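Spelled out, the chains give:
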Amino acid sequence: MSFRYDIRLSGSGGQGLILMGIILAEAIGIYDGKFVSQTQSYGPEARGGSSKAEVVLSDTEIDYPKAMSLDLLLAMNQKSCDDYYMDLKNDGILIVDSTFVNQVPIQKAFRIPFTRIARENLKREMVANIVALGAIAKLTTIVTPKAIEAAVMARVPKGTEKLNRDALKAGMNAAMKAQKASVPQMLSERVDEDT
Amino acid sequence: MSFRYDIRLSGSGGQGLILMGIILAEAIGIYDGKFVSQTQSYGPEARGGSSKAEVVLSDTEIDYPKAMSLDLLLAMNQKSCDDYYMDLKNDGILIVDSTFVNQVPIQKAFRIPFTRIARENLKREMVANIVALGAIAKLTTIVTPKAIEAAVMARVPKGTEKLNRDALKAGMNAAMKAQKASVPQMLSERVDEDT
Amino acid sequence: MAEVTKLIHKYLRHDKKFPHVWCPGCGIGIMLGSLIRAIDECGYNKDEIVLVSGIGCTGRMPVYVDFNTLHTTHGRALTFATGIKLANPALKVIVVMGDGDAVAIGGNHFIHAARRNVDISTVILNNSVYGMTGGQYSPTTPYGMKTTTSPYSNVEQSFNISELAVAAGAVFVARGTVYHAKMLDGLMEMTFKKKGFSVIEVIGHCHTQYGKLNRMGSAVEMMKWQKEHAVTVEKATQMKDDELKDKFRIGVLVDKELPVFHEEYEKIRRWAKEAK
Amino acid sequence: MAEVTKLIHKYLRHDKKFPHVWCPGCGIGIMLGSLIRAIDECGYNKDEIVLVSGIGCTGRMPVYVDFNTLHTTHGRALTFATGIKLANPALKVIVVMGDGDAVAIGGNHFIHAARRNVDISTVILNNSVYGMTGGQYSPTTPYGMKTTTSPYSNVEQSFNISELAVAAGAVFVARGTVYHAKMLDGLMEMTFKKKGFSVIEVIGHCHTQYGKLNRMGSAVEMMKWQKEHAVTVEKATQMKDDELKDKFRIGVLVDKELPVFHEEYEKIRRWAKEAK
Amino acid sequence: MSDSKKKKAPNIDIFRAWCKACGICVAFCPAGVLARDEGGYPYVKEPDKCISCGWCEMRCPDFAITVYNKDKKRNFENDYPEERQGK
Amino acid sequence: MSDSKKKKAPNIDIFRAWCKACGICVAFCPAGVLARDEGGYPYVKEPDKCISCGWCEMRCPDFAITVYNKDKKRNFENDYPEERQGK
Amino acid sequence: MKKKTKKELLLQGNEAIVEGALRAGCRFFAGYPITPATEISELLSVRLPQVDGTFIQMEDEIASMGAIIGASLAGAKSMTATSGPGFSLMQENLGYAVIAEVPCVIVDAMRGGPSTGLPTFPSQSDVMQARWGTHGDHPIIVLCPSTVRECYDITIRAFNMAEKFRTPVIILVDEVVAHMREKISIDEDEDIEIFNRVKPTVPPEWYIPYEDTPRGVPAMANFGDGYRYHVTGLTHDIRGFPTSRPDEIDPFIRRLFRKISQHFAELHMGEFFETDDAEITIIAYGCVARSAKRAARDARERGLKVGALKLNTIWPFMRTPVEKVLQTSKIIIVPEMNMGQISREVKRVNKTDAKVFTINKVDGTIITPEEILRKIKEVR
Amino acid sequence: MKKKTKKELLLQGNEAIVEGALRAGCRFFAGYPITPATEISELLSVRLPQVDGTFIQMEDEIASMGAIIGASLAGAKSMTATSGPGFSLMQENLGYAVIAEVPCVIVDAMRGGPSTGLPTFPSQSDVMQARWGTHGDHPIIVLCPSTVRECYDITIRAFNMAEKFRTPVIILVDEVVAHMREKISIDEDEDIEIFNRVKPTVPPEWYIPYEDTPRGVPAMANFGDGYRYHVTGLTHDIRGFPTSRPDEIDPFIRRLFRKISQHFAELHMGEFFETDDAEITIIAYGCVARSAKRAARDARERGLKVGALKLNTIWPFMRTPVEKVLQTSKIIIVPEMNMGQISREVKRVNKTDAKVFTINKVDGTIITPEEILRKIKEVR
Ligand SMILES: Cc1ncc(C[n+]2csc(CCOP(=O)(O)OP(=O)(O)O)c2C)c(N)n1
Ligand SMILES: Cc1ncc(C[n+]2csc(CCOP(=O)(O)OP(=O)(O)O)c2C)c(N)n1
Ligand code: SF4
Ligand code: SF4
Ligand code: SF4
Ligand code: SF4
Ligand code: SF4
Ligand code: SF4
Ligand SMILES: [Mg+2]
Ligand SMILES: [Mg+2]
């Protein structure tokens, strides 16, 4: 069967998750040339409440467009982490914004303080989503750093290119650190499974 | 099978045929206690144009409510006479307002100048329909004179009772004359049929 | 020279069933005469005119005349007309409606077309009643009158169509009567010549329904009433309030300038192409 | 004594999800406060009030308050309200609508309810835009403004809701702003107390959609604009036309008497029984 | 053209097929030219009185009456100022 | 009641659960009593300056601020004539 | 000659609908004139104020539908009447009445369509629209009289069903039946079952306006009764408040369907006319059902075993009775004054070998007994 | 990494509809905002003036429908977009477009119903309304995309069909597809068939606007083209003038039906997905067709012979393709986000022994592949 990868980006209303979803889908679909389909929770009802964007990619046409078992879950707040971690595949990847997510239900998670990085290092909390995109590019093989950069640049307002490039970088760097930290955990998890 | 009698009253827009139909139906249904159903050509489209009202009576519940083969056709103008005489049964009765109908397509018709009677004898052209009702009561056995008088009285505006009673009478009288005149024709017709 | 009727015949669809559908003496026919003469006077050619109507006795008008004619749904004539005008601004779009068509079911389209200032000439025959369906009260039936659905008395206040048009933003509003047929020709002509949303309210009569129920007499009687109760705008300025009490004004009520929708939209197209 | 908020809490449905659905700083919440205080001041009991709305951000209001509440279809609130009032005249019927609800899709019902003088108090929050659906232009969006469906510029003229209400025949018409919240309490109270079709237009703001697209700043900024551009009716009489040019009037615009529908209908019932 | 010819009574033509006998032309003829027959239909009773004003033609709802030899100036009794006539 | 008690600073209560940090109360407080924290939420910065006018309470779209000890007379800055206040 | 009693009347179908409505307790009517329904408005404008009811002519059919829902919420049994064009306009608010569970009655006097169509001629072409006209899936009750008597009876039943099931009920009457006059006797003392909405008996704090009950129909408080609750056209929870929780929506929508489907037997009205031994059965409704009966009679006279099934309930579709004749007859004929609407349903439920034939007429004239007979001869 | 070309775009379904419309030649749009169709309005308000087209926001959906008919009569390819509540309001004028034979395209982005329902959640519950929503019997073309690519293609096809058959064409898109983003490549130079209405070539005096032709579709002159004719919503004769003569009405109405029914093959669009040997076939449309394909794939992995038939044409009903799978499969499953609408049609045309099962979901959530799989396991 063909390759399929299901991603859910989740958090709260103002965290720019839909834009993240679009950029990620564009990077994967337009710049990396894979099949991609992106969906989202929608509507004014979603004002202020929870928000989620999903991206499914594949090397062939995508049938079911919504995320099924997750290969990757990004949780930008605690609620979304709690709500969705159960949907992860056994070998799925969980990435949380540790600025807001304190309790991580599973071991093999990458804890990165996206919002704190945005706020403190980049002085703009609103680029936390771009920081997270950087991390995703690093922690997974589903999107190339080049593609993600091109997609980000194509979508952000003029004049904010540097900020966003820095945010991406910061995300990638943070991801590398987190990767190192999490390797043993992941291994131990695998061991558990084998038993 | 049960007894059924189909009547069509036809003419032009202003001749009061719908009211005639209602009065006749009321006389037959309410005052004579038979089953009756009355239909009509309807609507502003009928303004000024042709007009027709149908009455079906029966001693049991009436299924098809429109006139089928006619037992009685009243034609108050030439056009309706031309249009409908073909729908008469072989032994159906045709009554025409000879004020307007000059060419009577079949022999066994009663020719009575309802409008002229109304205009000249009663000085009110608009009661021609009531005159015709009187004639119908006389020429057929489907409605009793008592019932038709009661029905007319119940429907006409206050103050016109006498006029209308006179009109009914005039119609009955004219009918008696016509009846005499037509008997031989009807007989000859019957003879033809036998051959 | 019989220019009046001859001229009218130039515009009639003779293959259609004449005499027309309206009752003997109905004012709609008189208004149709005015409308044709005004169109002729304006010099439009038949192909550039689109005559649009809704449903009602008045709405039956387009079928008789040799233009591009459109008989829409009840109350919606102005919406169709808006589409026509904007899709092809070269067309001269004229809408005829009854009072019910225009301000009962169609009231919203009326005020919005006026607000937008779409370049449409609107002719409303106000006979204070729903003629076509048999004489029920309309939003212009005066308080206290009888109709087939106000058998005891109408308890509603009535709209003043012209004032409503003004409040909604129409750039030209006139009122005439079918009695004042000659004046109507002129007002109609001004209405057609005005760019933007122009309205002419034509006081007509429905003697067979409304007139009958309210004992207002024949068509002739009702036209006499029009004669007696109409006061020109010019004369009205010289009259006192109580003299005007049971009178209505005829003539040009409003004539002003506002940006016209399709011209404004041309600007949008320019900007849109620049922004592209 | 904290009477204001305490009083309000007396009327809220606490089991409903608070904080409410409206954006931070949205004027609808302020108006809701005024509405509750005015109802309280009028002394109605909760059971006799029916609060009816259409669809829109403003239309979401009834769900929060402990009256008989009815959230109808978009634009149709007044039609439901008419049925309620006439079926049970003992009820106090209040309708809240957004500008789109009231005069876009609902424009016809608005002018007709006004014309009929049905005893309904109508509260319209005018934020010049369709808030709920994401900031498209409404019939009250001023000429030249940007919205999500007038990305280059709005080319339509806008309605003046209050003037439309007057032309349609409303017996009481007032205008207020959410900035002038105290004054709003009073106007709202007068609106509710008036018998017949009364209207209050409340100038609000939608900073998240309309404000954002037109760089009008935060809710605070937009309320400052209200403060600066509103002039009371009383002050306005002393001002010159050019001083009033970019201002709008707040206060009571019209207060008159006309027969009220359900009272008139009582007469009809009497006559009908006599005629029987 | 002779004087008598000029004053020749106008030719008024009533097209019975379209006329609905509403009586409007008769009622509003300013010169009493027209009258109604027993069926209510108009006929030209006093042709000489006709002033060629054309009002009968103008107000006929059925385009059933034609006035020939009408004054070119369209000699209608008019109660509305010239400048507002849309010319 | 002692003088000091009378002049006691009003008790302003901000209900964080409902407050949406819109800043209206802060912006329009005529006495500069309120200020916004880093999250934009209001807090009572200068309790003593409060004149108990109640405007913050009146304009809060979220019923999230309560002014206790308010002047019974409802001491709002009001720009509208008394007779038109609907009393 | 019988004596005229007060109760024997020659009435039009439309007039009988008015009498039925008044008898059922209708006290509010809002409408907009349209042929061929206008008589209903006109007569009610005379009659309603006599019984302390209210008649109002609204600005259009949308408003009429809104007003009758409002009136019903305020406690009045309410009705409107229209024809196709107006019925189309009522669809949005009709859906509102379904989801908010507001009893009311809508009469659609069918004329020729589509669009303005044939205003003064009969048709049966709104049958599917009555079922599916409003957006969103929803159940609906639609009744159809064939005689003036049925106009009266069915209108009473319609109000009863509306109140009993808290739902709009549609009466489809064709122009023929609407304008036909027949004698009917109305006995004012007769003991006719009149159903009034079940009101809550619990104290207001306990009232759950959209509670699930065994019957599927919650008790209904009127505005002003002291039960303050929220009514909305959004999907709502049992308390009436908007919800988008699937676990609340699903049972709610299914309850709307269940309250109808669980009472099919009660809702289904019709007549088997000599179908027991029929080899050919005609299934018909409205004025055509009369032609069908006539055709069956005439056919039997000619020795053919023909019966007729008259449907007085159009929706929910009378599946069981139809299945019954499908089982017993070899041939089914469905004559309709449309291009085939109920015949689709007959075909849908047909699991037998019976052949289903149609007669479709869309020219503004009634289907005659002869036309049906001709078909019988053609297909047997 | 591929180079970004101008033609590869990540678009929402709604955006692809806009692109398709512009490509098809749409130059007039009138609408009224409503979730989840609003993006179509918003994007067209940007794009139409760039191509000398016109965008107008009307006062409501009734007006929008009127305006697009008017614009089409004046020569512009025109469109509107709405959701359930607005679609209900459009029904009256939709019927007008049918009877007056005015080409236009209506997009209904389906959300949960009935009434205001679930404004931001998907549904497929307007399928029957699209067929039967307006009064009077009438034919209609309804298309339904499942992917963003199909949104683009189907919109072009919709305009083509509208012009070719002089009829309104409805696009039903569910909220999932309307808001989903997928990559699509649009080649502006690609040779796509664009159909424009056939204009009369005869001199004006000879023009018969509602003439019967072999195709059943008369030539259409635009207002202003010099062919002055009459357009009405009344039943009319071949010249366009009102008629109530049965002998003129009958052929007219039947021609309206025939012009569609005679071209089923051309109108039917869909996909057989591994149905050849399938013992179980899932019939689905819209977003659910994607779940269906997925479920079929997953089932095949588990060794079950499952296929899927995707319907892109909803109306006229794809009888022939459906009959084909009814013949080959023992079990048919029709999953729908409504209480069972297309499944009724499948049952109606089912003359085989195949069993038809349904999956109905009305809670605002999409039917998942697992749910279909579960059903497969349950019924096989
Ligand atoms: C949607 C709809 N509702 C109702 C009607 C019925 N109807 C036809 S004309 C009309 C009113 C006509 O009154 P008006 O517009 O004043 O025109 P008039 O006949 O008086 O000239 C009505 C209610 C209709 N055709 N369509
Ligand atoms: C028939 C119908 N058309 C469109 C909509 C979508 N809709 C919901 S609210 C709204 C407009 C809201 O604007 P407004 O009435 O001004 O209220 P606001 O949100 O600004 O308070 C629209 C168009 C709908 N619900 N129903
Ligand atoms: S019904 Fe009235 S409006 Fe209609 S044609 Fe007759 S007189 Fe004129
Ligand atoms: S969208 Fe605008 S109107 Fe709606 S709640 Fe937000 S600010 Fe208020
Ligand atoms: S032209 Fe004038 S004067 Fe002569 S008949 Fe006609 S109305 Fe009378
Ligand atoms: S006005 Fe015309 S229709 Fe009327 S009577 Fe005179 S000629 Fe005949
Ligand atoms: S006004 Fe209310 S919601 Fe806004 S910041 Fe102040 S307390 Fe919070
Ligand atoms: S009561 Fe008045 S002074 Fe005190 S905090 Fe509130 S607004 Fe400021
Ligand atoms: Mg009228
Ligand atoms: Mg608004």
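Criteria and thresholds
- Residues numbered from 1 in each chain as written.
- Chains lettered and ligands numbered in written order.
- Predicted model: local features only at pLDDT ≥ 70, side-chain atom pairs only at ≥ 80, totals over all residues.
- Heavy atoms only, no water.
- Helix = DSSP H or I, 4+ residues; strand = E, 2+ residues; numbered from the N terminus.
- Rg over C-alpha atoms; globule rule 2.2 N^0.38 Å.
- Buried < 20%, exposed > 50% of the residue type's maximum accessible area, 1.4 Å probe, protein only.
- Contact = heavy atoms within 4.5 Å.
- Areas by Shrake-Rupley, 256 points an atom, 1.4 Å probe, with all protein chains shown as cover.
- Lys, Arg positive; Asp, Glu negative; His and termini not counted.
- Charge placed at Lys NZ, Arg CZ, Asp CG, Glu CD.
- Buried area = accessible area lost by both parts, 1.4 Å probe.
- Salt bridge = Lys/Arg side-chain N within 4 Å of Asp/Glu carboxyl O.
- Polar contact = N/O pair within 3.5 Å; in protein donor to acceptor, adjacent residues only side chain to side chain.
- Nonpolar A, V, L, I, M, F, W, Y, C, P; charged D, E, K, R; others polar.
- Near = heavy atom within 4 Å.
- Domains from an automatic or database assignment.
- Least-squares fit on C-alpha atoms with pLDDT ≥ 70 in both.
- Donors = N, O, S within 2.8 Å, 3.2 Å for Na, K, Ca; no water.
- Phe/Tyr/Trp six-rings, centres within 6.5 Å; stacked < 30°, edge-to-face > 60°.
- Lys NZ or Arg CZ within 6 Å of the ring centre and 35° of its normal.

J.: Got a sec to walk through the overall build of chain C? Specific residues and values, please.
T.: Per the secondary structure count, chain C includes 11 helices and 10 strands. Computed over its C-alpha atoms, the radius of gyration of chain C comes to 19 Å, within 12% of the 19 Å expected for a compact globule of 276 residues. Along the first, second and third principal axes, the C-alpha atoms of chain C reach 65 × 45 × 35 Å. The buried share among the 276 residues of chain C stands at 73%. Long-range contacts, defined as pairs at least 24 residues apart, comprise 68% of the intrachain contacts of chain C with a sequence gap of at least 6. Total accessible area on chain C is roughly 8000 Å²; 51% of this is exposed by carbon and sulfur atoms. Considering chain C, the positive charge centre built from 34 side chains and the negative charge centre built from 28 side chains are found 4 Å apart.

J.: Pulling in residues and values, what's your account of the interface of chain G and chain H?
T.: Size of an interface, as often reported, equals the accessible area lost when the parts are brought together. Across the boundary between the two partners, chain G contributes 55 residues, which contact 55 residues of chain H. Both sides of the chain G and chain H interface together cover about 4800 Å² of buried area, and 63% of this is carbon and sulfur. It is Pro114, Trp132 and His135 of chain G in chain G that bury the most area against chain H; as a group they hold 16% of the surface buried on that side. Counting every contact that joins chain G to chain H gives 2 salt bridges. A salt bridge links arginine 344 of chain G to glutamate 345 of chain H; its shortest N-O distance comes to 2.9 Å. Along the contact surface separating chain G from chain H lie 24 residue pairs in polar contact (both at pLDDT 80 or more). At the level of elements, α4 (84-100), β6 (118-122), α5 (127-132), α8 (246-261) and α12 (342-349) of chain G are the ones that each hand at least two residues to the side of chain G that touches chain H. Residue composition of the side of chain G that touches chain H, grouped by class: 19 nonpolar, 24 polar and 12 charged.

J.: An account of the site of ligand 8 is requested, with residue identities and associated values reported.
T.: All residues adjacent to ligand 8 are Ile12, Cys29, Pro30, Ala31, Val33, Cys50, Ile51, Ser52, Cys53, Gly54, Cys56 and Val67 of chain F. Of the residues contributing to the shell around ligand 8, the split by class is 10 nonpolar, 2 polar and no charged.

J.: Got a sec to walk through the interface of chain E and chain C? Specific residues and values, please.
T.: Taken together, the 34 residues of chain E in the interface contact 45 residues of chain C. Summing both partners gives a buried area of about 3500 Å² for chain E against chain C, and 62% of it is carried by carbon and sulfur. On inspection of chain E and its partner chain C, the count reaches 0 salt bridges. Put simply, chain E and chain C have 5 residue pairs in polar contact (both at pLDDT 80 or more) between them. Put simply, the parts of the chain that give the side of chain E that touches chain C at least two residues each are α2 (24-28), α3 (55-59) and β4 (65-67) of chain E. A total of 4 residues in the side of chain E that touches chain C trace back to one element, the largest contributor, which is α3 of chain E.

J.: Tell me about the domain arrangement of chain G, and name the residues and values.
T.: All names here are of chain G. Segmentation of chain G into domains returns domain 1 (7-187) and domain 2 (270-379). Summarising the inter-unit geometry, the C-alpha centres of domain 1 and domain 2 are found 26 Å apart. Opposite the 25 residues of domain 1 that make contact, domain 2 presents 23 residues. Its largest share of buried area at the contact with domain 2, domain 1 owes to Gln124, Val127 and Met128, together 32% of the area lost on that side.

J.: Tell me about the environment of alanine 113 of chain D, and name the residues and values.
T.: Residues and elements named next belong to chain D. For alanine 113, the location among the structural elements is in helix α5 (residues 107-116). Overall, the relative accessible area of 1% leaves alanine 113 in the buried class. C-alpha of alanine 113 to C-alpha of alanine 38: the two residues are 75 residues apart in sequence and 23 Å apart in space. What alanine 113 contacts, discounting residues up to four positions off in sequence, is Leu78, Val118 and Phe197.

J.: Can you lay out the relation of the copies chain G and chain H for me, pointing to particular residues and giving the numbers?
T.: Expressed as a screw operation, the relation of chain G to chain H combines 0.0 Å of axial shift with a rotation of 180°, fitting to an RMSD of 0.0 Å. Such a combination of rotation and displacement between the chain copies is what one expects of a two-fold axis. Both copies contact each other with a shared surface, as 100% of the interface residues of chain G are interface residues in chain H too.

J.: Kindly report on the coordination of the magnesium ion (ligand 9), identifying the contributing residues and their values.
T.: Residues and elements named next belong to chain C. Around the magnesium ion (ligand 9), the donor atoms from the protein are Asp99 (OD), Asn127 (OD1) and Val129 (O), and they sit 2.0 to 2.1 Å away. In the primary sequence, the donor residues of the magnesium ion (ligand 9) line up as D-x27-N-x1-V. Taken together, the positions of aspartate 99 in helix α4 (residues 99-104) and valine 129 in strand β5 (residues 129-130) put the pair 30 residues apart, joining distant regions of the chain. Of the residues examined, aspartate 99 reaches a relative accessible area of 2% and is grouped as buried. Of the residues examined, valine 129 reaches a relative accessible area of 2% and is grouped as buried.

J.: Please give an account of the packing of aromatic side chains that cites residues and values.
T.: By the definition in use, this model includes 32 aromatic pairs over all chains. Aromatic pair tyrosine 11 of chain C and phenylalanine 67 of chain C: ring centres 5.6 Å apart, planes at 40°, arrangement tilted. Remark: phenylalanine 67 of chain C occurs in the loop between β1 (49-53) and β2 (68-71) and tyrosine 11 of chain C occurs in helix α1 (residues 3-11); sequence separation between them is 56 residues. In this pair, the class of tyrosine 11 of chain C matches that of phenylalanine 67 of chain C, namely buried. Between the aromatic rings of phenylalanine 29 of chain H and phenylalanine 55 of chain H, the centroid separation amounts to 5.7 Å while the plane-to-plane angle is 5°, which identifies the pairing as stacked. Here the residue phenylalanine 29 of chain H occupies a position in strand β2 (residues 26-31), and phenylalanine 55 of chain H occupies one in strand β3 (residues 54-57), the gap between them amounting to 26 residues. Classification of phenylalanine 29 of chain H by relative accessible area gives buried; the value is 0%. Three or more aromatic residues link up through ring pairs in this structure, and these residues are Phe18, Trp22 and Tyr64 of chain C together with Phe15 and Trp18 of chain E. The ring of tyrosine 84 of chain B carries the charged tip of arginine 8 of chain B above its face, separated from the ring centre by 4.6 Å.

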